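# Structural description and commentary
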Amino acid sequence: MTERISDAEHTVMEVLWDTSPLSAQEVAERVPTERGWSANTVKTLLGRLLAKNVIAHKEEGRRYLYRPLVERADYVAGESRRLMDRLFGGKLTPLVAHLAERDEITDQDIAEIEALLKDLKS
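Below: a short report on this structure. (Residues numbered from 1 in each chain as written. Predicted model: local features only at pLDDT ≥ 70, side-chain atom pairs only at ≥ 80, totals over all residues. Heavy atoms only, no water.)

### Brief notes about the overall build of the protein chain
Using the following cut-off: Secondary structure elements follow DSSP: runs of H or I no shorter than four residues count as helices, runs of E no shorter than two count as strands, and numbering proceeds from the N terminus. C-alpha atoms define the radius of gyration, and 2.2 Å times the number of residues to the power 0.38 defines the globule rule. Buried, partly exposed and exposed residues are distinguished by accessible area as a fraction of the type maximum, computed with a 1.4 Å probe on protein chains only: under 20%, between the cut-offs, and over 50%, respectively. For this analysis, residues touch if any pair of their heavy atoms sits within 4.5 Å. None of His or the chain ends enter the tally, which takes Lys and Arg as positive and Asp and Glu as negative. Throughout, a charge is located at the NZ atom of Lys, the CZ atom of Arg, the CG atom of Asp or the CD atom of Glu.
A count of helices and strands for the protein chain gives 6 helices and 3 strands. When the helices and strands of the protein chain are placed in sequence order, the string is α-β-α-α-β-β-α-α-α. Computed over its C-alpha atoms, the radius of gyration of the protein chain comes to 18 Å, more than 25% above the 14 Å expected for a compact globule of 122 residues. Taking the principal axes of the C-alpha coordinates as reference, the protein chain spans close to 55 × 30 × 25 Å. For the protein chain, the proportion of its 122 residues judged to be buried stands at 26%. Counting only contacts in the protein chain whose residues sit at least 6 apart along the sequence, the fraction spanning at least 24 positions is 53%. Averaged over its 18 positive side-chain charges, the protein chain has a centre that lies 6 Å from the centre of its 22 negative ones.

Put into structure tokens, the structure is as follows:
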């Protein structure tokens, strides 16, 4: 994925990653209600995502069904990499240190990281 998606577009992607294919109306019905979006807003966002080639659509009768072309795991990996590159010189350790310095890592987080590192070493 070369072009980044906005927070609003990400909301639509989360709906499509959860269930697809969906019509524009079905996407609009599944967007969190606190967004307060109309069906037209969702259609605009779907058009932007189509232009960015992160979703595809096929015609079914008088409507289009939309589905993601990018897997959620691939999107998360790319965004994580961009964050580390942009803010931490591409290194994980300064990111973890930053979170730890601000008490944003719980004891449970530490235990999970330790278990992950143990698994990676073996």
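### Here we look at the sheet that holds strand β1 (residues 22-23)
What links the strands of a sheet is backbone hydrogen bonding, and the strands pair in either a parallel or an antiparallel sense. Cut-off, in case you're wondering: Only strands joined by at least two bridges in the DSSP assignment are considered to pair. Simply put, an axis is a line fit to the C-alpha atoms, just over the touching stretch for a helix, and the angle between two N-to-C directions goes from 0 to 180 degrees.
Pairing in this open sheet of 3 strands is antiparallel, and the strands run β1-β3-β2 from one edge to the other. Looking at which strands have only one partner, the edges of the open sheet turn out to be β1 and β2 (55-60). Here β1 runs beside strand β3 (residues 63-68); their pairing, made up of 2 bridges, is antiparallel. Paired with S23 across the strands is L65, a residue of β3. Helix-sheet contacts for helix α1 (residues 7-18) involve β1, β2 and β3, and the interaxial angle to β3 is about 90 degrees.

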